[in-house]
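Summary of structural features
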Amino acid sequence: MCVDLAVKSMAASSSPCCVECGAPVPSIVQRLGADSVRLARCESCGHVADKYAEFEPTLIVIDLLLYRPSAYRHVLINRQVLRGREEHEALLWRLGGALLLFDAYLTRSRLGGGGDRERDAADAAGAPPELEASSVAFAAALVALALAELLGFCAAAAAAARSQLGARACESWRQLLETVVLSSFGRSLVLLDMIWVYPLAFCRAVELFVLLCNGIAIKVQLRCSTPQAAAIVAAGAAAKGLSQLAVVAAWYAFPRD
Ligand SMILES: [Zn+2]
């Protein structure tokens, strides 16, 4: 392990946890000498507190795809301890920006014109002339809509978390937003649809996959049971689904000549 990373870990103010059992640990690494460190062990379960500290990013992503809670604990809690808050926030901004663009693309698909599968519907409906006049403004509107849907998802999930778990639901609203953004990495699979244009079921499958990732992440971050996490994600998904239905209804109700 890189000694600089280890020192940063020990100096970080955030509290790390054991990725295996979730128990708080004082540090992810132990310094053995001036230039030597090793991964610390958890006193609760006896396992290495965070084996992912030495993993390649690709291996961590694979474990995230396999829904391993230990990988989610590393990414959501320990990564910022190891890498520093600044680097963690940089990842959040990049991932958050990509998430909004992918959501905007999915919204465009729902409205028609998202690919060959929707071409007939797009030809039939057509975009409102005011929006066609400025594709940049239309794209900006889709991204703003994606942001509103993300915030709506988090607001509904936060309300459900408070009703399920009480005041300890989450340390802050920002923590929940970070959890949702980080666990929505699977939405990048939409890139495949942008290239090859799959059946609409593919996009639905991606959204379902992301919701499952959100559920694992919320379970890990809020330390709640699987049914509680499912209820929290369902509340967020319901809010987002309702807003999407409203947008589609408004789109087709828009007067066209
Ligand atoms: Zn442990």
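Below or above, wherever it landed, is the structure these notes cover. (Residues numbered from 1 in each chain as written. Predicted model: local features only at pLDDT ≥ 70, side-chain atom pairs only at ≥ 80, totals over all residues.)

**Structural notes on the pairing of strand S2 (residues 36–39)**
Two elements, strand S1 (residues 29–33) and S2, share four bridges in a ladder whose sense is antiparallel. Note on S2: the bridge partner recorded for glutamine 30 is arginine 38. Once S1 ends, the chain turns through two residues before running back antiparallel as S2. (Pairing = 2+ DSSP bridges. Helix = DSSP H or I, 4+ residues; strand = E, 2+ residues; numbered from the N terminus.)

**Remarks on unusual backbone geometry**
With a phi close to 60°, tyrosine 67 is a non-glycine residue in the positive phi region. By secondary structure assignment, the location of tyrosine 67 is in the loop between helix H2 (57–65) and helix H3 (69–83). You can call tyrosine 67 partly exposed: it has 14 C-beta atoms within 10 Å. (Buried ≥ 20, exposed ≤ 12 C-beta atoms within 10 Å, placed from the backbone.)

**Details of the nonpolar core**
Ile28, Tyr72, Cys154, Ala157, Ala217 and Ile232 are the most contacted members of the largest nonpolar core, which has 54 residues in total. Elements with a contribution of two residues or more to this core: H3, helix H4 (85–110), helix H7 (135–165), helix H8 (173–182), helix H10 (200–222) and helix H11 (226–253). Each of two domains, domain 1 (3–83) and domain 2 (85–253), supplies a minimum of three residues to this core. (Core = buried A, V, L, I, M, F, W, Y, C linked by C-beta atoms within 7 Å. Domains from an automatic or database assignment.)

**Overview of H10**
The terminal C-alpha atoms of H10, which comprises 23 residues, lie 33 Å apart, in line with the 33 Å expected from a rise of 1.5 Å per residue. Residue arginine 223 follows H10 closely and has a positive phi angle near 55°. (Expected span 1.5 Å × (residues − 1).)

**Details of the packing of H2 against H3**
At a minimum axis distance of 8 Å, the contact between H2 and H3 shows a crossing angle of 120°. When the axis of H2 is compared with that of H3, the two are oblique. By crossing handedness, the relation of H2 to H3 is classed as left-handed. Judged by residue contacts, Ile60, Asp63 and Leu64 of H2 engage Ala71, Tyr72, His74 and Val75 from H3. For the contact of H2 with H3, the class distribution of residues is five nonpolar, one polar and one charged. (Axes fitted to C-alpha atoms, helices over the stretch in contact; angles between N-to-C directions. Parallel < 35°, antiparallel > 145°, perpendicular 65-115°, else oblique. Left-handed = near helix turned anticlockwise from the far one by under 90°. Contact = placed C-beta atoms within 7 Å. Nonpolar A, V, L, I, M, F, W, Y, C, P; charged D, E, K, R; others polar.)

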